Amino acid sequence: MDDGSVALFAWDTNGDGGYWLGNTETPSSLWRTDKFGFEEVPEAIAEWAERELLAQLHEESPWLRAYPTISWFFLPVFLSKDGRETTRTFFRDHAAGFPDADREAALDFYESFLATGVLDDDREEMAGKLGTSERLDLTRMTAAMGELDAAWLLTEAGYGITPEIAVSTGHSLDFRAERDGRAWLVEVTRPLPPSRRSTGSPVSAVRETAATKTDGQLEAHGGGVVLLVDCSSFPDDDWRRVSGERPDVRHRPAVVFRVRPDGTVEGYTKGKVPLDLPLSVTHD
């Protein structure tokens with residue numbers, strides 16, 4: 001395009017129409033075109049478009065070639081018009097939200113999980129939670145990865161997961177987890193470490209972040225939801241304080257946990273948690 005961005009066009013030579021796709025400002029002549037998802041167009045068109053876009057992504061960011069599933073899963077934001085630089089920066093320079101970890105270890109973890117395909121059908125929604133802002137929003141991005149951490153934890157425990165469950169209060173909860181013919185609703189939150197918020201301690205960070213859920217949608221729902229508090233943004237010293245003091249989160253049942261890129265998980269519970277999770281955990 002005139003501004004240097006890339007758009008793809010494919011059309012039927014019989015004159016029956018065509019498709020266009022681009023992370024560019026829409027030309028005025030195309031403002032009234034109908035919109036389709038990848039799954040709504042002929043398979044050959046979708047495969048061609050994704051192949052071309054992935055080639056573009058890997059040409060611009062060669063370090064992503066080692067992570068084909070991450071590249072594909074987050075393609076809608078990696079090549080978005082406004083978020084293309086910030087989303088890649090988050091993975092490249094911030095280890096996808098893991099502190100005290102190098103990029104390779106962090107991306108290996110998410111590559112391995114996403115390659116299982118458990119979230120393939122929900123790719124656009126889950127990837128879109130990273131946002132497409134020109135400003136690097138670490139709060140939003142780490143929260144989005146917190147949902148992936150929770151999805152990984154539930155999947156490791158043998159639960160089938162369905163994201164974004166609408167409930168009668170008008171809210172949506174993050175997951176429904178199912179196993180052995182039973183189902184549970186799950187909500188996820190991820191506190192920021194004290195170094196990136198105004199609160200003075202990691203214990204306060206856990207309490208205050210959980211309160212935004214317990215005073216809002218969980219209170220409105222009235223019970224029956226498992227709260228997962230993902231502290232994976234906390235460096236080692238901060239997590240030691242949290243795991244040592246085990247602060248209350250004003251909700252039962254709840255699991256406060258921290259996952260590392262090597263798959264190690266530690267945590268503690270509040271109340272009787274109905275989920276059987278694979279973590280080194282302390283029960284209250």
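Criteria and cut-off values
- Residues numbered from 1 in each chain as written.
- Predicted model: local features only at pLDDT ≥ 70, side-chain atom pairs only at ≥ 80, totals over all residues.
- Heavy atoms only, no water.
- Helix = DSSP H or I, 4+ residues; strand = E, 2+ residues; numbered from the N terminus.
- Rg over C-alpha atoms; globule rule 2.2 N^0.38 Å.
- Buried < 20%, exposed > 50% of the residue type's maximum accessible area, 1.4 Å probe, protein only.
- Contact = heavy atoms within 4.5 Å.
- Areas by Shrake-Rupley, 256 points an atom, 1.4 Å probe, with all protein chains shown as cover.
- Lys, Arg positive; Asp, Glu negative; His and termini not counted.
- Charge placed at Lys NZ, Arg CZ, Asp CG, Glu CD.
- Pairing = 2+ DSSP bridges.
- 1 Å grid on protein atoms, 1.4 Å probe; cavity = no way out; pocket = protein on both sides within 12 Å on 5 of 7 lines; lining within 4 Å.
- Points joined across faces, edges and corners; volume = space filled by probe spheres on them.
- Nonpolar A, V, L, I, M, F, W, Y, C, P; charged D, E, K, R; others polar.

**Q** Even after reading the chapter, I still don't get the overall build of the protein chain, so can you show me in this structure?
**A** Along the backbone of the protein chain there are 10 helices and 9 strands. In terms of overall size, the protein chain behaves like a compact globule, its C-alpha atoms giving a radius of gyration of 21 Å where 284 residues would be expected to give roughly 19 Å. Counting only residues that meet the buried cut, the protein chain has 49% of its 284 residues in that class. Here the analysis covers contacts within the protein chain between residues at least 6 apart in sequence; of these, 56% occur between residues at least 24 apart. Accessible surface for the protein chain amounts to roughly 13,900 Å². Of this, 45% is attributable to carbon and sulfur atoms. Here the protein chain contributes 30 positively and 50 negatively charged side chains, and the mean placements of these two sets differ by 7 Å.

**Q** I would appreciate a short explanation of the pairing of strand 7 (residues 254-259) in the present structure.
**A** Burial analysis of strand 7 places 6 of its 6 residues in the buried class, which makes it a mostly covered element. Here strand 7 shows a buried face lined by Ala 254, Val 256 and Arg 258 and a second buried face lined by Val 255, Phe 257 and Val 259. For strand 6 (residues 225-230) and strand 7, the ladder comprises 4 bridges, and the chain directions are parallel. From the neighbouring strand, Val 229 faces strand 7, where its bridge partner is Val 256. Direction of pairing for strand 7 relative to strand 8 (residues 265-270): antiparallel, over a ladder of 6 bridges. Each bridged residue has a counterpart across the sheet, and for Arg 258 the counterpart in strand 8 is Glu 266. Adjacent in sequence and paired antiparallel, strand 7 and strand 8 are bridged by 5 residues, among which Gly 263 carries a positive phi angle near 90°.

**Q** Quick question: what am I supposed to make of the layout of surface pockets here?
**A** Think of a ball as big as a water molecule: rolled over the atoms, this probe shows where empty space is left. A volume near 1,000 Å³ is recorded for the largest pocket. In terms of lining, the largest pocket is formed by 35 residues, of which the most central are Trp 20, Leu 21, Gly 22, Phe 36 and Phe 38. Taken together, the elements giving at least two residues each to the lining of the largest pocket come down to strand 1 (7-11), strand 2 (18-22), helix 1 (43-60), helix 3 (75-78) and helix 6 (123-128). No other element matches the 5 residues that strand 2 contributes to the lining of the largest pocket. Residue composition of the lining of the largest pocket, grouped by class: 21 nonpolar, 10 polar and 4 charged. Of the voids in this model, the second largest pocket is the one considered here, and its volume is about 250 Å³. Contributing elements (two or more residues each) for the lining of the second largest pocket: helix 7 (138-156), strand 5 (182-189) and helix 8 (202-214). The biggest single contributor to the lining of the second largest pocket is helix 7, with 4 residues.

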